[in-house]
Amino acid sequence: MRAAVVRASDRQLRRRKLVGTIALGVFIVATLSALGVLAILVGDTLRDGASWLDWSFIKDLPSRRPERAGIWPALVGTVWIMVLTAAFTFPIGVGAAIYLEEFGGTGRLSRIIEINISNLAGVPSIVYGLLGLAVFVELASMGPSVLAGALTMTLLVLPVVIIASREAIRAVPDSLRQASLGIGATRLQTVWSHVLPAAMPGILTGTILALSRAIGETAPLIVVGAATYITFTPEGPTDRFTVLPMQIFDWISRPQADFHAIAAAGILVLLALLLTMNLAAILLRNYFRKNQNW
Amino acid sequence: MADKAAKSAAPIGAATARPVMASRSLRGSTENRPVERIVRGALAVCGLISVATTFAIIAVLIGETLGFFAEVSPVEFFTGTVWTPTFQNPQFGVLPLVVGTLQIALFAMLVSVPIGLASAIYLAMYAPPRVRAVIKPALEILAGIPTVVYGYFALTFITPVVIKGIWSDAPVFNALSAGIAVGIMTVPMVSSLSEDALQAVPRSLRDGALALGATKFEVSTRVMVPAALSGIMASIILAFSRAIGETMIVVIAAGATPKFTFNPLESIQTMTGFIVQISLGDTPRGTIEYKTLFAVGFTLFLITLLMNVLSAWVTRRFREVYE
């Protein structure tokens, strides 16, 4: 009788363990399937596009004939947009972060700003495009220019840069601030000479990562009016422009297979650019972490 | 005379009060110096730019949408099932776009919720630290890939290889293919936020259940997941909201045919897809097409706002608090 009970519970235990093992298998397969898709995605793009990738593809203007088409104007446009966006985002984002972390305290204003930033992060990017269209392109009559595109992108990445900068500033130990204040520095002097230099690696890393996200953004720039087909490179902030993902989109939407292949080649360039920026961010972080003395 | 005395006394008075004045002027020359005040003001302005952005978004969307509703009845807009704003006799029923959008988001969730949750449980409960250190950032890469790349992948791989492999007569542009791609993109959102929620469950709960003889799987499904449910649900709602706002994947792979249909193997159009389609053409300010952009954008904004508020509410309402 007792032996039977033991045998029954034994069987039950074995079943429970079996269920557990099967479940673990399912979890691992699911996790690996996501990574598998990533591998297929990259492999598929490499197979389609690698043979089209050469120096003339980078340096050529777009063409109606795929074998002569290049991405030079889009590459220059992307660099323009990124440089201007960085120039606008960095001071504003860091300034807002300093205000919230060092001067805002627990005031009502900083609470409103804080809630606002987290809400902005959830607004779809295309809505920023509509904002840019109404405010920069139409109201400020900038037209579909590099400047209008960069300002739109600035508003889009600003919440991310503020959040990253705040984290970097918060990570600076309080003893640094107290030492500075203790010998008579003002709060501003403390921030400028001690907190900011100590937080800079974190701020830079966060900004680079935010910009690397922005490089792939297409929708807001389409709404702002970025061109799909231009055969010149923008010379200044008031020129019309296109960007890499825009050019890729234009090639994807054509029915010919050869255009799909150069779209894949364009994607490889875009991914290489992204990888470079991410690598730079990681190296920067590691370099400063090694030399950090607190 | 008294006047004179007062005048001549003034410097003396000032001299005796010097210690007090000095401490005030010390403060005056540092914390409240004009430079300090100006810089502090400038920093506050930087912070306020984000608030201004929100107001500008709302003002722009509402302003143009009101202009739109001066020409189109709101009843037609919100209940109509035909969307042909660029036709000779335009009809402005937004429901086909809303249904198209929700359809994409639904398929996306069918992909990202099971995969995201499974990997979250694996990472939080099973994975050795060294495996986790590799898999977690690798999953994050999925979120960093530009959406045009997913669009390309959906059009040149998911549709021809996977979907046509199952339904050989499926059209080139269909909702299912775009939905799957959006789902893959949102996997890291579900997995990393859910994993954070699982990691936040107190160690003692897990250890207690394991000590009672429960298997790891039983601890995961009956203790950990229920305890972390608020965070998991919030992550799913956020991923849903992200899927609703996704643009390039659906523009490339789902087609541009606004259709009131629930068939996943048909070409459809989403709200974001419509905005892109109109933006690619020339739409001067003041035309009905221009206003339509903002009316659809406002609808999209409201739906995502609702989702984000819901996610915050779920987190607060269903949070399990442990001492």
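Values in this document were obtained by computation on a predicted structure and should not be read as measured data.

**Description of the overall build of chain B**
Here is step 1 of the chain: Of regular secondary structure, chain B possesses 14 helices and 2 strands.
Here is step 2 of the chain: Radius of gyration (C-alpha) of chain B: 29 Å, far over the 20 Å computed for a compact globule of 323 residues.
Here is step 3 of the chain: Dimensions along the principal axes, computed over C-alpha positions, put chain B at roughly 110 × 70 × 35 Å.
Here is step 4 of the chain: When each of the 323 residues of chain B is scored for burial, the buried share is 44%.
Here is step 5 of the chain: Intrachain contacts of chain B at a sequence separation of at least 6 include 74% that bridge at least 24 residues.

**Some details on the overall build of chain A**
Here is step 1 of the chain: Regarding its fold elements, chain A presents 11 helices and 0 strands.
Here is step 2 of the chain: For chain A, the N- to C-terminal ordering of α and β elements is α-α-α-α-α-α-α-α-α-α-α.
Here is step 3 of the chain: In terms of overall dimensions, chain A is more spread out than a globule: its C-alpha atoms have a radius of gyration of 26 Å, far above the 19 Å expected for 294 residues.
Here is step 4 of the chain: Referenced to the eigenvectors of the C-alpha coordinate spread, the extents of chain A come out at roughly 90 × 70 × 40 Å.
Here is step 5 of the chain: Sorting the 294 residues of chain A into buried and exposed places 46% on the buried side.
Here is step 6 of the chain: In chain A, the proportion of contacts linking residues at least 24 apart, taken out of those at least 6 apart, comes to 74%.

**Considerations on the nonpolar core**
Here is step 1 of the chain: By size, the foremost hydrophobic cluster in this structure holds 185 residues, and its most contacted members are Leu130(A) and Ala181(B).
Here is step 2 of the chain: At 17 residues, helix α5 (residues 95-126) of chain B tops the list of elements feeding residues into this core.
Here is step 3 of the chain: Look past the residues within four positions of Leu130(A) in its chain and what remains in contact with it is Val223(A), Val60(B), Leu61(B), Leu293(B), Phe294(B) and Gly297(B).

**Topic: the domain arrangement of chain A**
Residues and elements named next belong to chain A.
Here is step 1 of the chain: Domain annotation for chain A reports domain 1 (2-52) and domain 2 (59-290).
Here is step 2 of the chain: Summarising the inter-unit geometry, the C-alpha centres of domain 1 and domain 2 are found 38 Å apart.
Here is step 3 of the chain: In this assembly, 6 residues from domain 1 lie in contact with 7 residues from domain 2.
Here is step 4 of the chain: For the side of domain 1 that touches domain 2, a count of residues per class yields 3 nonpolar, 2 polar and 1 charged.

**What to know about the interface of chain B and chain A**
Here is step 1 of the chain: Each side of the interface is counted separately: chain B has 66 residues, and chain A has 68 residues.
Here is step 2 of the chain: Examining the composition of the side of chain B that touches chain A, we find that 18 residues originate from one element, helix α3 (residues 34-69) of chain B, more than from any other.

**Here we look at helix α8 (residues 187-215) of chain A**
Here is step 1 of the chain: Taking 1.5 Å of rise per residue, the 29 residues of α8(A) would be expected to cover 42 Å, yet its terminal C-alpha atoms sit only 36 Å apart, more than 12% below that figure.
Here is step 2 of the chain: Maximal helix bending in α8(A) amounts to about 50°, located at Met200(A); proline Pro201(A) follows within four positions.

**Describing unusual backbone geometry**
Here is step 1 of the chain: Here the phi dihedral of Ser141(A) falls at roughly 40°; this positive angle occurs in a residue that is not glycine.
Here is step 2 of the chain: In this structure, Ser141(A) sits in the loop between α5 (125-139) and α6 (146-170).

**Here's the deal with the packing of helix α8 (residues 175-199) of chain B against helix α11 (residues 229-245) of chain B**
All names here are of chain B.
Here is step 1 of the chain: With their axes 8 Å apart at the nearest point, α8 and α11 run at an angle of 155° to one another. Here α8 lies roughly antiparallel to α11, going by the angle between them. Handedness of the α8/α11 crossing: right-handed. Packed against α8, whose contacting residues are Val182, Thr186, Met189, Val190, Leu193, Ser194, Asp196 and Ala197, the element α11 presents Gly231, Ile232, Ala234, Ser235, Ile236, Leu238, Ala239, Arg242 and Ala243 at the interface.
Here is step 2 of the chain: Residue composition of the contact of α8 with α11, by class: 11 nonpolar, 4 polar and 2 charged.

**Describing the confidence of the model for chain B**
Do not read the fine detail of predicted coordinates wherever pLDDT is low.
Residue and element names in this part refer to chain B.
Here is step 1 of the chain: For chain B, mean pLDDT is 87; residues scoring 70 or higher make up 90% of the total.
Here is step 2 of the chain: Here helix α1 (residues 2-16) stands out as the element of chain B with the lowest mean pLDDT, 43, in contrast to α5, whose mean of 95 is the highest.
Here is step 3 of the chain: Across the assembled chains, the prediction reports ipTM 0.90 with pTM 0.88.

**Focus: the packing of helix α6 (residues 129-144) of chain B against α8(B)**
Residue and element names in this part refer to chain B.
Here is step 1 of the chain: Where α6 meets α8, the closest approach of the two axes is 7 Å, and the angle between their N-to-C directions is 130°. Taken together, the axes of α6 and α8 are oblique relative to one another. Pair α6 / α8 crosses with left-handed handedness. Together, Leu139, Glu140, Leu142 and Ala143 of α6 and Ile184, Met185, Val187, Pro188, Met189, Ser191 and Ser192 of α8 make up the contact between the two elements.
Here is step 2 of the chain: Grouping the constituent residues of the contact of α6 with α8 by class yields 8 nonpolar, 2 polar and 1 charged.

**What to know about the environment of Phe294(B)**
Here is step 1 of the chain: Relative to the assigned elements, Phe294(B) resides in helix α14 (residues 288-317).
Here is step 2 of the chain: With 229 residues separating them along the chain, Phe294(B) and Thr65(B) place their C-alpha atoms 5.8 Å apart.
Here is step 3 of the chain: Apart from residues lying up to four places away in sequence, Phe294(B) is in contact with Leu130(A), Val60(B), Leu61(B), Glu64(B), Thr65(B) and Phe68(B).

**With respect to the environment of Ile98(A)**
Here is step 1 of the chain: With respect to the helices, strands and loops of the structure, Ile98(A) is situated in helix α3 (residues 72-103).
Here is step 2 of the chain: Exposure remark for Ile98(A): the 26 C-beta atoms within 10 Å place this residue in the buried category.
Here is step 3 of the chain: With near-sequence residues (within four places) excluded, Ile98(A) lies in contact with Ile169(A), Val191(A) and Leu43(B).

Conventions adopted
Residues numbered from 1 in each chain as written. Chains lettered and ligands numbered in written order. Predicted model: local features only at pLDDT ≥ 70, side-chain atom pairs only at ≥ 80, totals over all residues. Helix = DSSP H or I, 4+ residues; strand = E, 2+ residues; numbered from the N terminus. Rg over C-alpha atoms; globule rule 2.2 N^0.38 Å. Buried ≥ 20, exposed ≤ 12 C-beta atoms within 10 Å, placed from the backbone. Contact = placed C-beta atoms within 7 Å. Core = buried A, V, L, I, M, F, W, Y, C linked by C-beta atoms within 7 Å. Domains from an automatic or database assignment. Nonpolar A, V, L, I, M, F, W, Y, C, P; charged D, E, K, R; others polar. Expected span 1.5 Å × (residues − 1). Bend = angle between axes of the 7 residues up to and from the residue. Axes fitted to C-alpha atoms, helices over the stretch in contact; angles between N-to-C directions. Parallel < 35°, antiparallel > 145°, perpendicular 65-115°, else oblique. Left-handed = near helix turned anticlockwise from the far one by under 90°. pLDDT = per-residue confidence, 0-100.

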